[in-house]
Amino acid sequence: MKRWIDLRALWLILLTLLGGVDRIAVAQDLTWGGDAEGGAPYLLPDPHRPRQIIGFEVDLMEALARQLGRRQVFVQNQWDGLIPGLLRGNYDLAVNGLEITDDRRQRIAFSIPYYACGEQLSLRRSEKSIERLTDLHGRIVGTLKFSLAQRLLEDEGGIEIRAYENQNNAYDDLANGRLDAVLMDWPIALYYSRPNPALKFAGESIGTLEYGIGVRPGEKQFLQQVDDGLRELMRSGELRRIYERWGIWNAETERLFVRQLENPTRAPAEQFLPLPAGSLGWRERAARTLGYLPPMLMQGVPMTLLISILGMLVAMFLGLAIALLNLYASPPLAILARLYVEIFRGTPLLIQLYLIFYGLPNIGIRFSPLMAAVMGLGLNYAAYEAENYRSGILAIPRGQMEAALALGLTRYQALRYVVVPQALRLVIPPVTNDFIALFKDSSIVSVITMVELTKIYGQLAATYFDYIGAGLVAALLYLLMGLPFVRIARWAERRYRLPGAVTQLH
Amino acid sequence: MITAERLTKNYGKVRGLDQVSFSIPPAQVTVLIGPSGGGKSTLLRCLNGLELFDEGSLRIGEYEVTVGQGRSQGGLARLRREVGMVFQSFNLFPHLTVEANVELAPRIARGLTEAESTALAHDLLGKVGLSERRDHYPHQLSGGQQQRAAIARALAMAPQVMLYDEPTSALDSALTGELLQIMRRLAEDGMTQVVVTHDISFARELADEVLVLIEGRVVESGPPEEIFTAPRDQRTREFLRRYLS
Ligand SMILES: Nc1ncnc2c1ncn2[C@@H]1O[C@H](COP(=O)(O)OP(=O)(O)OP(=O)(O)O)[C@@H](O)[C@H]1O
Ligand SMILES: [Mg+2]
């Protein structure tokens, strides 16, 4: 009886965890998705009560929900996944600095814009040679991934773009010299770049972008309600007060308000309705998946190969050294080698990468993204390779070492010429296995601004809203990249198979 | 050539060797016999430093091996260059050809050039009748061929002493005859040899002197005619009677 109750409690907890807040929300609630990791001034955890989310968009939704006679409920959702989350019905609205763009409008409907601003270029205070966008050719410029700013930079051309998940990292890298400039939405720059004494703004903001509230296509009536509510907030001055409170009231938004209030019919809901659902037939989809997606994705292949091969080389050499220290060094070194294995094997690769790329600069050690990616993968996999080599060496019969010693070889020579060469051949299969695993793990380095296959996949999938087509192509590319190495390993295994006694150990 | 004084080796409570003393003149073939567990392999391994004894002293040629020396790997390596060993299971290096097995040590430990060590390997493999097989891998050889390869490998270091642990255990009588030839020729060339064997007729044919090792002690030693026909010690008699029946 008691156990049954326990199970039920567990079940409830599980359901709550899985379902998230949205499932529990009542129909009356106006649920909206956003990413509180996005930061100020949009959405951020309250510094004093971290479980509370604040931001100008929270205030906006509070006011809008009141207009609609409902209660606003925030649903946390990763920013790149806001639109898929909306379409899956995880929440009613997507509100988190979503710029109204044509490709997004193909998938979802947008409300009238609720805020307008430009893109702001930030520079190091000492920077003299950059003033405007055209000065950026040949320079390294950071921005947020999937943002309008990124596309602006791409359109400009000739700029080396680093796409970040997080504005803090971008501005840090600008301050410490890894970047030459950062281009981001003006409110972000206002909050993250302006307060930094090492940085300055380059002139006025560039262009105009407008944020809209994302609504599922087909919900025309609901969309109309949202638009009416927003207009009412503009008219009453409440929205302006919210923006002023957050210090982000600007000329662009003022013009936006005037336009919306003078000429309310200029942007009827219908205008923003997306193309009819399923406007792309499966033929068009297939043509796209087979046509222009593969070449775009292929651009990520060389970088993925480079990172993986260099990473594996580091892992193999370092791993062998660690295995030998572990087996043959005097206790302090042997213990250090053991610790290395336990630490690098026992902690997440992702955290190791963050520490190397974002952590080490704090103590003056700065690696390029490529270097950091290779080091991260190499150091991590060295722990696994060390264990492979260790077991390989232990599998070589003791008589081999004794025979070598009896011939007058020193211990080092015996290892170098007799034991290790045999062990290396013995562990070809598990090492190959790890290499394939490393290949796939290399996708993780997109978090440190490396543009490789997975990063490009993410960008394409988000741009074309095609997670399946682009995903299948990207997965296929990984598979194809791995196959030659598997074949080489098979060949090496045959070629260097240990004849005689040791083969029996397989 | 070899002088051992009160060599003692303990494995925990087990006495592998117990106060073993003997002396072997140059170019002599000495055969170690005794029941299983008597300490024959242990003694052989002490003679080339693969096993470190706990008490006593050992002199091989001009090398003095002391109890405390175990930590000095360099000293041991120098001793081992003077003492070749042929293991019971040969322990050839499976990843190298027969020729490479023979060449490896002279090149690395004696510092011979590639040409010198290759010439040496050709010469030695010819002497043990393996010229045809030099590009084969060990697993492609028969037991007798593997053993001759192992002998050539040990001889390549130009040792003054050769040790053999049960060299006939994998051989039929024809091959045992061949081995006898090789070892006799080595003896004629002045090689000091120590052989562990269970093969009494092999021992009779080969030995200048026989040491009987029982429970870690040398219970009796002397020329083969004496030991095998008129053993003085009761334990030797017992061993031979059980062994020959
Ligand atoms: N590494 C070891 N650890 C513990 N005891 C050992 C070890 N090597 C040998 N011994 C013990 O020492 C004694 C002598 O062993 P040894 O191998 O020298 O005998 P042997 O005369 O060669 O026997 P066999 O004819 O069976 O080869 C035995 O009691 C054996 O169990
Ligand atoms: Mg033995």
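No experiment lies behind these values; they were computed from the predicted model shown.

### Side note on the domain arrangement of chain A
Residues and elements named next belong to chain A.
For step 1, the next point in the chain: When cut into domains, chain A gives domain 1 (2-113 + 212-279), domain 2 (118-210) and domain 3 (289-495).
For step 2, the next point in the chain: Centre-to-centre, using C-alpha coordinates, domain 2 lies 34 Å away from domain 3.
For step 3, the next point in the chain: Domain 2 puts ten residues into the contact, and the matching count from domain 3 is eleven residues.
For step 4, the next point in the chain: Summed over both partners, the interface of domain 2 with domain 3 buries about 1,100 Å², with 54% contributed by carbon and sulfur atoms.
For step 5, the next point in the chain: Contact with domain 3 buries surface across domain 2, with F146, N176 and R178 losing the most and accounting together for 45% of the total.
For step 6, the next point in the chain: Scanning the region where domain 2 abuts domain 3 turns up zero salt bridges.
For step 7, the next point in the chain: Counting across the interface, domain 2 meets domain 3 through three residue pairs in polar contact (both at pLDDT 80 or more).
For step 8, the next point in the chain: Among the elements of the structure, strand 9 (160-164) and helix 6 (167-175) are those that each provide at least two residues to the side of domain 2 that touches domain 3.
For step 9, the next point in the chain: Examining the composition of the side of domain 2 that touches domain 3, we find that three residues originate from one element, strand 9, more than from any other.
For step 10, the next point in the chain: Of the residues assigned to the side of domain 2 that touches domain 3, the class counts are three nonpolar, three polar and four charged.

### As for the layout of surface pockets
Residues and elements named next belong to chain A.
For step 1, the next point in the chain: By volume, the largest pocket amounts to about 700 Å³.
For step 2, the next point in the chain: Lining the largest pocket are 21 residues, and of these M316, Y389, I428, V431 and A492 sit closest to its centre.
For step 3, the next point in the chain: For the lining of the largest pocket, the leading source of residues is helix 13 (residues 301-328), giving six residues.
For step 4, the next point in the chain: Of the residues in the lining of the largest pocket, the class split is 19 nonpolar, one polar and one charged.
For step 5, the next point in the chain: Its volume calculated, the second largest pocket comes out at about 570 Å³.
For step 6, the next point in the chain: Lining the second largest pocket are 30 residues, with D35, G38, W79, L144 and E165 positioned closest to its centre.
For step 7, the next point in the chain: If you list the elements that add at least two residues to the lining of the second largest pocket, you get strand 8 (140-144), helix 6, strand 10 (181-185) and helix 15 (349-359).

### Digging into the confidence of the model for chain A
Residues and elements named next belong to chain A.
For step 1, the next point in the chain: Looking at chain A as a whole, the pLDDT averages 84, with 87% of positions reaching at least 70.
For step 2, the next point in the chain: Per-element mean pLDDT across chain A ranges from 46 in helix 1 (residues 2-24) up to 95 in strand 5 (residues 93-94).
For step 3, the next point in the chain: Predicted confidence is poor over residues 12-26, with pLDDT under 50, and the contacts of this stretch with residues over four places away or in other chains come to eight contacts.

### Side note on the sheet that holds strand 5 (residues 63-65) of chain B
Residues and elements named next belong to chain B.
For step 1, the next point in the chain: Pairing within the open sheet is antiparallel, and its four strands lie in the order 2-1-4-5. Each end of this open sheet is capped by a strand with a single partner; those strands are strand 2 (14-24) and strand 5. Here the average twist between neighbouring strands, direction ignored, is 20 degrees.
For step 2, the next point in the chain: In this fold helix 1 (residues 40-47) packs onto strand 1 (2-11), strand 2 and strand 4 (55-60), with an angle of close to 60 degrees to the strand it touches most, strand 2.

### Some words on empty space enclosed by the protein
For step 1, the next point in the chain: Inspection of the entire model under this criterion finds two cavities of 30 Å³ or more.
For step 2, the next point in the chain: One number sums up the size of the largest cavity: a volume of about 40 Å³.
For step 3, the next point in the chain: What lines the largest cavity is simply B:G144, B:Q147, B:R148, B:L171, B:L175, B:E178 and B:L179.
For step 4, the next point in the chain: Counting residues per element, the ones that place at least two in the lining of the largest cavity are helix 5 (143-155) and helix 6 (173-188) of chain B.
For step 5, the next point in the chain: Class assignment of the residues belonging to the lining of the largest cavity gives a composition of three nonpolar, two polar and two charged.
For step 6, the next point in the chain: A volume near 30 Å³ is recorded for the second largest cavity.
For step 7, the next point in the chain: If you trace the second largest cavity, you find it lined by A:A406, A:L407, B:R80, B:R81, B:V83, B:G84, B:A154, B:M157 and B:P159.
For step 8, the next point in the chain: When residues of the lining of the second largest cavity are traced back to their parent elements, those giving at least two are helix 2 (73-82) and strand 6 (83-86) of chain B.
For step 9, the next point in the chain: Looking at the lining of the second largest cavity residue by residue, the class counts come to six nonpolar, one polar and two charged.

### Structural notes on the packing of aromatic side chains
For step 1, the next point in the chain: Counted under the stated rule, the structure contains 18 aromatic pairs over all chains.
For step 2, the next point in the chain: Note on A:F357 and A:Y358: the rings are 4.8 Å apart at their centroids and 80 degrees apart in plane angle, and the pair reads as edge-to-face.
For step 3, the next point in the chain: Using a relative accessible area of 0% as the deciding quantity, one classes A:F357 as buried.
For step 4, the next point in the chain: A:Y358 gets classed as buried once you look at its relative accessible area, which sits at 16%.
For step 5, the next point in the chain: Following the ring pairs from residue to residue traces out a cluster consisting of A:Y42, A:F56, A:Y114, A:Y115, A:Y211, A:Y243, A:W249 and A:F257.
For step 6, the next point in the chain: Note that A:R416 overlies the ring of A:Y417, its terminal NZ or CZ placed 4.6 Å from the centroid.
For step 7, the next point in the chain: When the ring centre of B:F93 is taken as origin, the NZ or CZ atom of B:R153, which lies over that ring, is 4.4 Å away.

### Looking at the interface of chain B and chain A
For step 1, the next point in the chain: Taken together, the contacts link 23 residues of chain B with 22 residues of chain A.
For step 2, the next point in the chain: Both faces considered, chain B and chain A share a buried interface measuring about 2,000 Å² in area, 67% of it formed by carbon and sulfur atoms.
For step 3, the next point in the chain: Ranking the residues of chain B by area buried against chain A places B:P94, B:H95 and B:I108 at the top, with a combined share of 31%.
For step 4, the next point in the chain: Where chain B touches chain A, the interface holds one salt bridge.
For step 5, the next point in the chain: Between B:R45 and A:E402 there is a salt bridge, with the nearest N and O atoms lying 2.7 Å from each other.
For step 6, the next point in the chain: Seen at the junction of chain B and chain A, the total is six residue pairs in polar contact (both at pLDDT 80 or more).
For step 7, the next point in the chain: Listed by contribution, the elements that provide at least two residues to the side of chain B that touches chain A are helix 2, strand 6, helix 3 (98-109) and helix 5 of chain B.

### Here's the deal with the side chain of B:Q193
Residue and element names in this part refer to chain B.
For step 1, the next point in the chain: Here Q193 lies in strand 8 (residues 192-196).
For step 2, the next point in the chain: On the basis of relative accessible area, Q193 is assigned to the buried category, the value being 0%.
For step 3, the next point in the chain: There is a polar contact of 3.0 Å between the side chain of Q193 and the backbone oxygen of M183.
For step 4, the next point in the chain: Residue contacts for Q193: discarding those within four places in its chain leaves Q28, V29, T30, M162, Y164, M183, L186 and A187.

### As for helix 16 (residues 369-395) of chain A
For step 1, the next point in the chain: With 27 residues, helix 16 of chain A should reach 39 Å at 1.5 Å per residue; the first-to-last C-alpha distance of 39 Å fits that figure.
For step 2, the next point in the chain: A:A382 marks where helix 16 of chain A bends most, by close to 30 degrees.

### Points about the site of ligand 1
All names here are of chain B.
For step 1, the next point in the chain: If you check the shell around ligand 1, you find 13 residues, and the closest are S36, G37, K40, S41 and T42.
For step 2, the next point in the chain: The contact in question runs from an oxygen atom of ligand 1 to an N or O atom on the backbone of G39, over 2.9 Å.
For step 3, the next point in the chain: Within the side chain of K40, an N or O atom sits 2.8 Å from an oxygen atom of ligand 1.
For step 4, the next point in the chain: Surface burial for ligand 1 is 60%, taken as the share of its 630 Å² of free accessible area covered by protein chains.
For step 5, the next point in the chain: Looking at the shell around ligand 1, the elements that each hand over two or more residues are strand 2 and helix 1.
For step 6, the next point in the chain: Among the elements that line the shell around ligand 1, the one with the most residues is helix 1, at three residues.
For step 7, the next point in the chain: Among the residues forming the shell around ligand 1, the class breakdown is three nonpolar, eight polar and two charged.

Thresholds, definitions, all that
Residues numbered from 1 in each chain as written. Chains lettered and ligands numbered in written order. Predicted model: local features only at pLDDT ≥ 70, side-chain atom pairs only at ≥ 80, totals over all residues. Heavy atoms only, no water. Domains from an automatic or database assignment. Contact = heavy atoms within 4.5 Å. Buried area = accessible area lost by both parts, 1.4 Å probe. Salt bridge = Lys/Arg side-chain N within 4 Å of Asp/Glu carboxyl O. Polar contact = N/O pair within 3.5 Å; in protein donor to acceptor, adjacent residues only side chain to side chain. Helix = DSSP H or I, 4+ residues; strand = E, 2+ residues; numbered from the N terminus. Nonpolar A, V, L, I, M, F, W, Y, C, P; charged D, E, K, R; others polar. 1 Å grid on protein atoms, 1.4 Å probe; cavity = no way out; pocket = protein on both sides within 12 Å on 5 of 7 lines; lining within 4 Å. Points joined across faces, edges and corners; volume = space filled by probe spheres on them. pLDDT = per-residue confidence, 0-100. Pairing = 2+ DSSP bridges. Axes fitted to C-alpha atoms, helices over the stretch in contact; angles between N-to-C directions. Phe/Tyr/Trp six-rings, centres within 6.5 Å; stacked < 30°, edge-to-face > 60°. Buried < 20%, exposed > 50% of the residue type's maximum accessible area, 1.4 Å probe, protein only. Lys NZ or Arg CZ within 6 Å of the ring centre and 35° of its normal. Expected span 1.5 Å × (residues − 1). Bend = angle between axes of the 7 residues up to and from the residue. Near = heavy atom within 4 Å. Areas by Shrake-Rupley, 256 points an atom, 1.4 Å probe, with all protein chains shown as cover.

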